[in-house]
Every structure is written in structure tokens, then in C-alpha cells.
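For reference, the chains in residue letters:
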Amino acid sequence: MNRNRLSIIVTSGIALFLATALWLDLIPRAHTVYSDTRLLMGTLVSISVWGHPKGKAETAMQKAFAEFARLEEVLSWQRPTSEVSQVNQVSRETWVSISTELGTLLQRGLLLGQRSEGAFSMALQPLTQLWGFSSEHQDEKPPAKEKLDRWLRLYPTVDAIRLMQKEDKSFHVQLANSAVGLDLGALGKGYAIDQAISVLRKEGIANAIVDAGGDLRVIGSKGSNPWRIGLQNPRQKDQIISMSQLRGDIAMMTSGDYERFFLLENIRYHHILDPKTAEPARTGLSSVSVQGKNAAEINGLSTAIFVLGVEKGLRLLKQYPGSEALLISEKGEPTRTPAFIADWLQEPIKQ
Amino acid sequence: MARRLFSKSLYYSLHEATSYLDRLTILLCFMAIIGITATFMLQPHGNQAVVTLDNNLINTISLEKDAHYYVNGHLGPVRVEVKNQQIRIVEYDSPRMIGTRTGWVQHNGAITACLPCGVVIRVLGNQEDNSVNYDSIAR
């Protein structure tokens, strides 16, 4: 076979091989993001994967969703069979043995509770129920003042949740009284995002976003481009006020008064409750976004900063090196730490 | 015919370098490539939406024809409207009703949902639409 003949046949063979590989999705197509969404933990969870073949991306996403579903069964107090529900159901005088996973998460939350001087609490399930923010039919008026006062009298400012780790490393928990119940909403979603990212990595995924109702963590990038994250205007849902171009490994969690709320006589009643007043936190903020490495940690941190307000909140932030924040006041004024990644697009609409 | 398509020198060099069987193989290769490319180009996207209840597929809706449907959600029937190749959930109005607040959607991968109802609608297919500016919205 002469040289020309060989090169023509080899070229045709390579072209056919490449076309077939593309057809079978063995070669990741440029600019292709595979994504899927599930209704989990009471919110929409979306996973997007870039730069991997479709089959691999889909298998990894299914496994990550399965991890979310597993954690919902552990952490959600609204699921009667969950581990958290079982803790909430038992007598307040007894110690309850819990899994290492739940124990470790409670440990992290209790540390944040201490550092925030009680502004962050995982013990507010009875108060959340009183306000009804978690129920399917929101009763759009505040609970009776007597009920809130009774809760405030009962709720212990220290040791609401008692956690013990025995020598054999097993965890045990005890709740102080009937005003206390586990609600890991401000920590659990971030933890589930972290775990989903771990699953994706184990499956060999290097570029992805896991987004649970607007709280997210990214890994990698989209080739030479970063992931583009828009931040919603707290007072106008279809307006984006800033764009964060994220790459590498970074989480961004947001707490705001505009996702679950009702308005009564021009007063906004939202779901971020202050354990010191038993009412929605009123520190003049409408939104707090925190960026950092660990989604679970900054999930709780954004809630704590919202409850504490600008000054105390930024003091708390300093105890978490590597975390950055963007705070937007009810009047639309932003306060931003120097390394918070965002390109400002427009001023938030002022009230 | 082939002599008209290619220059004479290229035609003769190809002709001399290959046998009849080689040329047939090359022709089949290129026909296969054209066929595979056409399969990609003709893939339908963005003209259907899937409706799920508690993450289980219950219906696939065409966006080609204006219509309305009812889905039995946890809080009762949810009305779904299709108009001008867009789709939306209507009728409920509550802070938690993401579907109601989302309005019309039409891009590939766009989602509208009624969370308490357990109903999620997603426009097919699953590839990114470059007309959407953000990969995620923090809120």
C-alpha cells in the first residue's frame, strides 16, 4: 500500500471514529452543560455538570440526588421518620443516641450558636411551627402575642440543645424542654450541598454546580469561563443586582427576608426568626450572602449575620477566615467585605 | 462528475492512490459522518415540557399547541397553561408558590414549580441554552 493511499484511509477512519464518538457522547461537547432538577428538602435542587460525557454526568447527578434524598430522611423535622423527628418526639428528660453524622453537624451548629451569642439556633422548631412558615398553608398573620411570650419564657438562652460525645465516640443529645426542637434548616441544606459535591467528585466530576433553592456551591469551571452566578434583588425578584464569577471550589449561601414571608399592614413577616424576640429578625437587613469553602458552615453563618445585623455580623464573620459577605440593607444599601466576588450590576431597588 | 468537482490533479492523485474498494470505504465513511451530524442538527429541543409530581414523571406536554391542563397536586388541581411555546403554572398565590411567581418559561431547562403541590415542570432538553445569562441565581 503506498503512502498516499494509507494516509487517505487513516484520515477517513479517524473522522468516522470522531463522529461516532461524538454521537455516542464519548467526547464532551464544548459549551454543553448537563443539568437536572429534583424537588428535595422542600426546595428545588438543581445540579449542573460541564465537560463530561452525558452518561457519566447523568449517573453522577443521580447519585448526588440520592445523597440529598438520604439526608432529607436524616435531617428534615417535617419527615416523621427522620432521625431529627425522632429526637424531637422523645421526652425532654432523656438522652437520645444519635448518628455520628447528625452529632457532628450539631457540634458545628452549636459552635456557631456560641460564637453568635445565641443569634443562631438549631432549636427553634416549635417557634417555626408557631409562625407557620414551614406549613403548606401559611396563615398570613403573626401568632398570638401570648403564645410568643410563653415560648420566650420557656426557651433557655443557654443549653437548649445538650450534646454529649462518649469515650466510644458515640453522640447523645438531650433537648431542654418543650420550647426546644431540632430544626436544622439553616445548616442542613448547606451540608447536603457539601455531601452532593463529594459524591460528584467521587464519580470523577470536576466541573459542577449544586444549587438548592438559590444556595449553591461550585467546583471547577466551564473550561476557560467561570460559573456565572446572579444575585437576585431582594425587592424585585426578576432583577439581578450583581454577578459573581466563581471557579475552583467555592460556596455561596444567601439568607433573605423575601423568599418566605407575608405582608400585613405594610410590615414584612419573614421566616428568619430571632430567638431573643421570638419574632422575625429586624436588624435593617434584607439579604446576606456569604461566600466560603464550606457550604454547611456559611449556610448557618449567613443566617446568624442576618439576625445580628451589620456591625455584630461582620465581627462574627472575622471568626471564619476565608469567608466573605455582601449585606444589603432594607433601604438597598450594600455593605461588602473586600474579597467578596461580585461585579455590581445595579443598585438594589430602594424601599 | 467527480472530475468536475475536484481539480484534475487532485482527482488523478486520489484515483491513482486508491483502489475501487478504498474509494467505496471513504464514501461510506463520509456518508456516515453526514448522517451522524444530521442526527444532531435535527434533535428536537425546547418544544416539550415534562411534568413531575414528587419527582415522578406524570406527563409530557407539547409546547407547539396552545392548551391548558390540570395536574392533581397535593393542594388540589394545579392549572398549567401553554401559550406561544411558553408554559406556566397559574391560580395559586402564596409566598411559597414558586411556580406562580416564576411566570412564563420557554428556554431549554427552564423550570416552573409549585413546591407545596409537589409539581415541577421543566422545559426539555437538558442542554444549556446560551440565551440564559446565568448558571444559577443566588437568592
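Residues numbered from 1 in each chain as written. Chains lettered and ligands numbered in written order. Predicted model: local features only at pLDDT ≥ 70, side-chain atom pairs only at ≥ 80, totals over all residues. Heavy atoms only, no water.

Caption draft 1: Region of the structure containing the overall build of chain B. Secondary structure assignment for chain B yields four helices and eight strands. Along chain B, helices (α) and strands (β) appear in the sequence α-α-α-β-β-β-β-β-α-β-β-β when read from the amino end. Residues classed as buried in chain B amount to 40% of the 139 residues present. At a minimum sequence separation of 6, the contacts of chain B that also span at least 24 residues come to 29%. (Helix = DSSP H or I, 4+ residues; strand = E, 2+ residues; numbered from the N terminus. Buried < 20%, exposed > 50% of the residue type's maximum accessible area, 1.4 Å probe, protein only. Contact = heavy atoms within 4.5 Å.)

Caption draft 2: Main features of the overall build of chain A. Check the secondary structure of chain A and you find nine helices and 18 strands. Put simply, chain A has 351 residues, and 55% of those count as buried. Within chain A, counting contacts between residues at least 6 apart in sequence, those at least 24 apart form 62% of the total. On chain A, roughly 15700 Å² of surface is accessible, and the fraction owed to carbon and sulfur atoms is 52%. (Areas by Shrake-Rupley, 256 points an atom, 1.4 Å probe, with all protein chains shown as cover.)

Caption draft 3: Focus on the packing of helix α2 (residues 54–75) of chain A against helix α4 (residues 100–115) of chain A. Residues and elements named next belong to chain A. Direction vectors running N to C along α2 and α4 enclose 75°, while the axes themselves pass 11 Å from each other. The pairing of α2 with α4 is recorded here as roughly perpendicular in orientation. Counted together, Arg70, Leu71, Val74 and Leu75 of α2 and Glu101, Leu102 and Leu105 of α4 form the full contact between these two elements. Of the residues belonging to the contact of α2 with α4, the class tally is five nonpolar, no polar and two charged. (Axes fitted to C-alpha atoms, helices over the stretch in contact; angles between N-to-C directions. Parallel < 35°, antiparallel > 145°, perpendicular 65-115°, else oblique. Nonpolar A, V, L, I, M, F, W, Y, C, P; charged D, E, K, R; others polar.)

Caption draft 4: Seen up close, the pattern of salt bridges. The tally for this structure, following the rule as stated, stands at 17 salt bridges over all chains. With a shortest N-O distance of 3.4 Å, Arg228(A) and Asp135(B) are connected by a salt bridge. Of the two residues, Arg228(A) sits in strand β8 (residues 227–233) while Asp135(B) sits in the loop between β7 (119–123) and β8 (136–138), which places them in two different chains. A salt bridge links Glu81(B) to Arg79(B), with the shortest nitrogen-to-oxygen separation between them at 3.1 Å. Glu81(B) sits in the buried class, given a relative accessible area of 16%. Salt bridges sharing partners connect three or more residues here, namely Asp194(A), Arg201(A), Arg217(A) and Asp249(A). (Salt bridge = Lys/Arg side-chain N within 4 Å of Asp/Glu carboxyl O.)

Caption draft 5: How the structure looks around the sheet that holds strand β17 (residues 334–336) of chain A. All names here are of chain A. Taken in spatial order, the eight strands make up an open sheet running β1-β2-β6-β7-β10-β15-β16-β17, and their pairing is antiparallel. In this open sheet, the two edge strands, each paired with only one partner strand, are β1 (33–40) and β17. Neighbouring strand axes in the sheet, compared pairwise and without regard to direction, differ in orientation by 10° on average. (Pairing = 2+ DSSP bridges.)

Caption draft 6: View of the pairing of strand β7 (residues 215–220) of chain A. Residue and element names in this part refer to chain A. With six of six residues buried, β7 lies mostly within the body of the structure. In terms of strand pairing, strand β6 (residues 208–212) meets β7 through five bridges, oriented antiparallel. Note on β7: the bridge partner recorded for Ala208 is Ile219. As consecutive antiparallel partners, β6 and β7 are separated by two residues, and within that stretch Gly213 has a phi angle of approximately 60°, a positive value. As paired strands, β7 and strand β10 (residues 248–256) are joined by five bridges and run antiparallel to one another. The residue of β10 that forms the bridge with Leu216 is Met252.

Caption draft 7: Focus on the nonpolar core. Grouped together as the largest cluster of nonpolar side chains are 82 residues, with contacts concentrated most on Phe68(A), Leu184(A) and Leu301(A). Formed jointly, this core draws a minimum of three residues from each of two domains, domain 1 (33–77 + 185–344) and domain 2 (83–175) of chain A. In contact with Phe68(A), other than residues within four places in its own chain, are Leu40(A), Met41(A), Val45(A), Ala192(A), Ile193(A), Ala196(A), Val210(A) and Ala212(A). In terms of nonpolar packing, the next biggest core, distinct from the first, is built from 19 residues, Val51(B), Ile61(B), Ile89(B) and Cys114(B) among them. (Core = buried A, V, L, I, M, F, W, Y, C linked by side-chain atoms within 4.5 Å. Domains from an automatic or database assignment.)

Caption draft 8: The sheet that holds strand β1 (residues 48–53) of chain B, seen in detail. Residue and element names in this part refer to chain B. With antiparallel pairing, the four strands of this open sheet are ordered in space as β2-β1-β7-β6. At either margin of the open sheet sits one strand with a lone partner, and together these are β2 (56–62) and β6 (111–114). Recorded for the sheet is a direction-independent mean angle of 20° between the axes of neighbouring strands. Pairing geometry for β1 and β7, over five bridges, is antiparallel. By the bridge assignment, Val50 is partnered in β7 with Arg122.

Caption draft 9: Just the environment of Lys83(B), in detail. Residues and elements named next belong to chain B. When you line up the elements, Lys83 lands in strand β4 (residues 76–83). Classification of Lys83 by relative accessible area gives partly exposed; the value is 46%. Between the C-alpha atoms of Lys83 and Ala67, which are 16 residues apart in sequence, the distance is 6.8 Å. Discounting residues that sit within four places of it in the chain, Lys83 has contacts with Asp66 and Trp104.

Caption draft 10: Fine view of the environment of Ile241(A). With respect to the element layout, Ile241(A) can be found in strand β9 (residues 236–246). Note on Ile241(A): relative accessible area 0%, which makes it buried.

Caption draft 11: Layout of the pairing of β6(A). Residue and element names in this part refer to chain A. Taken across its five residues, β6 has five buried, putting it largely inside the fold. What you see with β6 is no split at all: Ala208, Val210 and Ala212 on one side and Ile209 and Asp211 on the other are buried throughout. Relative to β6, strand β2 (residues 43–50) runs antiparallel, the two sharing five bridges. Paired with Ser48 across the strands is Ile209, a residue of β6.

Caption draft 12: Structural context of the packing of aromatic side chains. Residue and element names in this part refer to chain A. Tallying each qualifying case throughout the model produces five aromatic pairs over all chains. Ring centres of Phe133 and Phe262 lie 5.9 Å apart, and the angle between their planes is 25°; this geometry places the pair in the stacked category. Separated by 129 residues along the polypeptide, Phe133 in the loop between α5 (125–131) and α6 (145–154) and Phe262 in strand β11 (residues 261–264) bring together distant segments of the chain. Each of the two residues, Phe133 as well as Phe262, counts as buried. (Phe/Tyr/Trp six-rings, centres within 6.5 Å; stacked < 30°, edge-to-face > 60°.)

Caption draft 13: Structural context of a nonpolar patch on the surface. A surface patch of nonpolar side chains, amounting to about 660 Å² of accessible area, comprises Tyr20(B), Leu21(B), Leu24(B), Leu27(B), Leu28(B) and Met31(B). One can find Leu21(B) in helix α3 (residues 20–41). (Patch = residues over 30% accessible without salt bridge, like charges linked within 9 Å, V, L, I, M, F, W, Y side chains within 5 Å.)

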